[in-house]
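Below, each chain spelled out in residue letters.
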Amino acid sequence: MANVLVFIDNPGQALKKSSLELLTIARSLGETAVAVNGELSDDVAGTLGAYGAATVFRPSAADLDDYLVAPKAAFLAAVADKSGATTVLLENSPEGKEIAARLGIRLSAGVITDVVAVDADGTAHKSVLAGSYTTTAKATTAVTVLSVKANTVDPEPATAPGTPETVTVDAPADATAAAARITSREQKVASGRPDLTDARIVVAGGRGLDGDFGPVEELADALGAAVGASRAATDAGWISHDAQVGQTGKTVSPQLYISAGISGAIQQKAGMQTAKVIVAVNKDAESPVFEIADFGIVGDLFQVLPQATEEIKKRKG
Amino acid sequence: MKIVVLVKHVPDAQFDRHLSGEGHTTDRDESILSELDEYALEAALQLAEARGGAKAGNKVIALSMGPAGAVNAIKKSLQIGATEGVHLTDTALAGSDAAATSLALAAAVRHLGADSPVDLVLTGMASTDGETSLVPAQLAERLGLPQVTFASSLDVDGGRVSARRDADTHSETVEASLPAVVSVTDQINEPRYPNFKGIIAAKRKSITTLSLADIGVDSSQVGHSGSWTRVTAAEERPPRTAGTIITDEGDAGIKLVDFLAAQKLL
Ligand SMILES: Cc1cc2nc3c(=O)[nH]c(=O)nc-3n(C[C@H](O)[C@H](O)[C@H](O)COP(=O)(O)OP(=O)(O)OC[C@H]3O[C@@H](n4cnc5c(N)ncnc54)[C@H](O)[C@@H]3O)c2cc1C
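Predicted model only: the values in this text are computed from it and were never measured.

When you go through chain B residue by residue, the secondary structure sums to eight helices and 16 strands. Across the 266 residues in chain B, those meeting the buried criterion constitute 52%. Surface summary for chain B: the accessible area is close to 11,600 Å², and the carbon and sulfur share equals 50%. When the 24 basic and 35 acidic side-chain charges of chain B are each reduced to a single mean position, those positions are 6 Å apart.

What follows is the structure, encoded as structure tokens:
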């Protein structure tokens, strides 16, 4: 009997790095089963085997994506019962957390979100209050549900790959009755840049850009970075709301965060202060962002950023 | 319409926030009405006003669970325009995790729906202290209601609620029948401030205090004993300190690249 269950929602043609991370963590906790919603390609099934999954559970219903969260949680609860899992791992996306939330109620299981490390006994580590504390938490229940942030471990295939057995599980019939139905969905255009939450480097711009994200985007591209923004910049419509970093935007923990034309209000700091290295460019020496910057430049971003971009290109040859 | 808005009294993020005590819970001194709940309150007021307001029998009930001080979040909600306030308070509630909180809130919502049904439960997208976003989904699961979370726009018509949601890769429209649990983002509206008239009017509005006994919850189901997770250790991260600050003398872009190279970040 598998004791760890990993949920992977719509893997597509290849597993994302964050899914591989979950599988890697799962193996350190015990025998792994996977619950997959959506298509399961041969490639993905192969990778699941390579990462040590013993069983792959799939829902009998194909319409779970037509509803918001609830039926996915109901399916996952049925799989957890069937597999006897004592730990369930999910990705830490807004949807992943909500599936975890409902699963927790269905299984009478403690839920811990925003996890950055898991010990072999299921103890979870996370940071709270905008990165000002690191805490250790544990579920007191028979089953533990954890949503784990991306970039917490290096994905590693199992030493002995296998071929997982596929099992179909009935998604409970009542699960769609009280669920919100998704009536339309529009895909957004992909930027080609790394995903903001997972990126190793983030270059973020604020009101100081005065409507022109060009210097930030060019520096980001020279560094292979994602582009972030303050709320002032997203509210002004200079860049899409998805780019917002902060309390009501994304929380990022990259190796490097470059803040340009951002004052560093507490709500902005809440989203970026666990970055390993912070660089700030701001023309006002009194800006609070300088209180937390490892390297601060008091200057005009329209001079500093293009010069840095040129210099990086030159050195990278 | 009868709308219950969940309002939380949270430590003000403008000040240093601390965890303390055996359960490593947040200190609640210097607390305020969670800014993210103001968007839910505004959405509720707009829905009620569009239907003729309090005069036409629309109710916006601000419900807060928490110690004595939490009544301040309710008072502020009444000043902003809520029609009545409900304060769920009991010493046994202290230290409740999301599961225990959602259990108590679900019981409170059922209690408030006993005389006439609640049509909508509105919440913010997350609390600004716990930041888990777990409670709205758990409340929906416990009440057996549809959840419509992270709504960036909201429409209620003919017993149905529809909302727009924006995710990274896509936007979507969702629809559910009432009653429903809805959480809203900070993109949905511009919350109003209490005005002088509102502050005076609030003094005449009632605040009902409920205990666990009133809502039929046993003290063992909430607080530390009823929680399904336990924080076993908490360590304050050393505050970040300022590093090197330079003033641009025409070559700061190059110095920036030197710094990145020295940090092996290129
Ligand atoms: C409930 C709530 C939630 C919030 N959530 C978030 C959030 O998630 N993320 C977030 O970012 N904010 C959030 N905010 C808003 C936050 O309080 C600030 O208002 C916001 O971060 C300010 O953005 P900014 O730094 O870009 O703008 P400003 O504070 O206006 O700062 C602009 C900076 O640019 C500098 N500047 C101007 N021109 C130049 C130039 N040519 N070169 C260099 N520097 C220049 C200025 O010196 C200034 O420091 C939230 C607020 C509330 C109330």
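Now, onward.
This part covers the site of the ligand. Surrounding the ligand, one finds 27 residues, the nearest of these being R207, S230, Q244, S263 and N282 of chain A. The ligand sits at the junction of chains A and B, each of which supplies nearby residues. At a separation of 3.0 Å, an oxygen atom of the ligand approaches a polar backbone atom of R231 of chain A. The contact in question runs from an oxygen atom of the ligand to an N or O atom on the side chain of Q268 of chain A, over 2.8 Å. The protein chains hide 81% of the 980 Å² of surface that the ligand would expose on its own. Elements with a minimum of two residues in the shell around the ligand: α6 (231–235), α7 (266–272) and α8 (301–316) of chain A.

Residues L5 and L76 of chain A together with V5, L122, L154 and V182 of chain B are the most contacted members of the largest nonpolar core, which totals 72 residues. Looking at this core, the element that brings in the most residues is helix α1 (residues 35–50) of chain B, giving nine residues. Contact partners of V182 of chain B, with chain neighbours within four places excluded, come to L120, V121, L122, T123, V148, A151, L154 and V161 of chain B. Formed by 35 residues, the second largest nonpolar core is a distinct cluster that contains L209, L219 and I258 of chain A together with L260 of chain B.

The next thing to look at is the sheet that holds strand β6 (residues 124–128) of chain A. Read across the sheet, ten strands follow the order β9(A)-β3(A)-β2(A)-β1(A)-β4(A)-β8(A)-β5(A)-β6(A)-β7(A)-β15(B) without closing on themselves; strand pairing throughout is mixed. Pairing within the sheet leaves two strands with one partner each, and these edge strands are β9 (165–169) of chain A together with β15 (229–236) of chain B. Going across the sheet, the axis of each strand differs from the next one's by a mean of 35 degrees, ignoring polarity. Alignment of strand β5 (residues 110–118) of chain A against β6 of chain A, held across three bridges, turns out to be antiparallel. Considered in β6 of chain A, the bridge of A117 of chain A is made with H125 of chain A. Most of the contacts of helix α1 (residues 17–29) of chain A go to strand β1 (residues 4–9) of chain A, to which it runs at about 175 degrees, and overall it touches β1, β2 (32–37), β4 (87–91), β5 and β8 (144–148) of chain A. With respect to the sheet, helix α3 (residues 70–83) of chain A is in contact with β1, β2, β3 (53–59), β4 and β9 of chain A, its orientation differing from that of β1 of chain A by roughly 155 degrees.

Below, the discussion takes up the interface of chain A and chain B. Contacts between the two partners involve 85 residues from chain A and, on the opposite side, 79 residues from chain B. Taken over both partners, the interface formed by chain A and chain B buries close to 7,000 Å², and the fraction arising from carbon and sulfur atoms is 54%. Considering only the side of chain A, the residues that lose the most area to chain B are I105, L129 and Y133 of chain A, jointly responsible for 10% of the buried surface there. Counting across the chain A and chain B interface gives eight salt bridges. With a closest N to O distance of 3.3 Å, E172 of chain B and R185 of chain A form a salt bridge.

Looking now at the packing of aromatic side chains. Scanning the entire structure with this criterion turns up one aromatic pair over all chains. Relative to F259 of chain B, the ring of F295 of chain A lies with its centre 4.6 Å away and its plane at 10 degrees, an arrangement referred to as stacked. Note that F295 of chain A is positioned in strand β15 (residues 295–298) and F259 of chain B in helix α8 (residues 252–262), a pairing that runs across two chains. Of the two residues, F295 of chain A and F259 of chain B, neither departs from the other in class, the shared state being buried.

Residues and elements named next belong to chain A. Its location among the elements puts L89 in strand β4. A relative accessible area of 0% places L89 in the buried class. Linking L89 and N10, residues 79 residues apart in sequence, is a C-alpha distance of 15 Å. When residues no more than four places from it in sequence are discounted, the contact partners of L89 are V4, L5, V6, F7, L22, I25, A26, L29, L146 and V148.

The next subject is the sheet that holds strand β11 (residues 160–166) of chain B. The four strands are arranged β10(A)-β12(B)-β11(B)-β10(B) in an open sheet whose pairing can be described as antiparallel. Each of the sheet's edge strands pairs with one partner strand only, and the pair in question is β10 (181–187) of chain A together with β10 (153–157) of chain B. Across the sheet, the axes of successive neighbouring strands diverge by a mean angle of 15 degrees, strand direction being ignored. Summarising the sheet, β10 of chain B and β11 of chain B pair through five bridges and their orientation is antiparallel. Bridged to V156 of chain B within β11 of chain B is V161 of chain B.

All names here are of chain A. On the surface, D210, D212, E218 and E310 cluster together to form a negatively charged patch. Mapped onto the elements of the fold, D212 is located in the loop between β11 (201–205) and α5 (214–223). Taking relative accessible area as the criterion, D212 reaches 37% and is therefore assigned partly exposed.

All right, on to the pattern of salt bridges then. Residue and element names in this part refer to chain A. Enumeration according to the criterion identifies 29 salt bridges over all chains in this entry. One salt bridge in this structure joins R315 and E311, with 2.9 Å as the shortest N-O distance. Pair noted here: R315 and E311 are both in helix α8, with a separation of four residues, about one helical turn. In this structure R315 comes out as partly exposed when scored by relative accessible area, which is 38%. With a relative accessible area of 9%, E311 lands in the buried category. Through salt bridges that share partners, D9, D65, K72 and E95 make up one connected network.

Parameters and conventions
Residues numbered from 1 in each chain as written. Chains lettered and ligands numbered in written order. Predicted model: local features only at pLDDT ≥ 70, side-chain atom pairs only at ≥ 80, totals over all residues. Heavy atoms only, no water. Helix = DSSP H or I, 4+ residues; strand = E, 2+ residues; numbered from the N terminus. Buried < 20%, exposed > 50% of the residue type's maximum accessible area, 1.4 Å probe, protein only. Areas by Shrake-Rupley, 256 points an atom, 1.4 Å probe, with all protein chains shown as cover. Lys, Arg positive; Asp, Glu negative; His and termini not counted. Charge placed at Lys NZ, Arg CZ, Asp CG, Glu CD. Near = heavy atom within 4 Å. Polar contact = N/O pair within 3.5 Å; in protein donor to acceptor, adjacent residues only side chain to side chain. Core = buried A, V, L, I, M, F, W, Y, C linked by side-chain atoms within 4.5 Å. Contact = heavy atoms within 4.5 Å. Pairing = 2+ DSSP bridges. Axes fitted to C-alpha atoms, helices over the stretch in contact; angles between N-to-C directions. Buried area = accessible area lost by both parts, 1.4 Å probe. Salt bridge = Lys/Arg side-chain N within 4 Å of Asp/Glu carboxyl O. Phe/Tyr/Trp six-rings, centres within 6.5 Å; stacked < 30°, edge-to-face > 60°. Patch = residues over 30% accessible without salt bridge, like charges linked within 9 Å, V, L, I, M, F, W, Y side chains within 5 Å.

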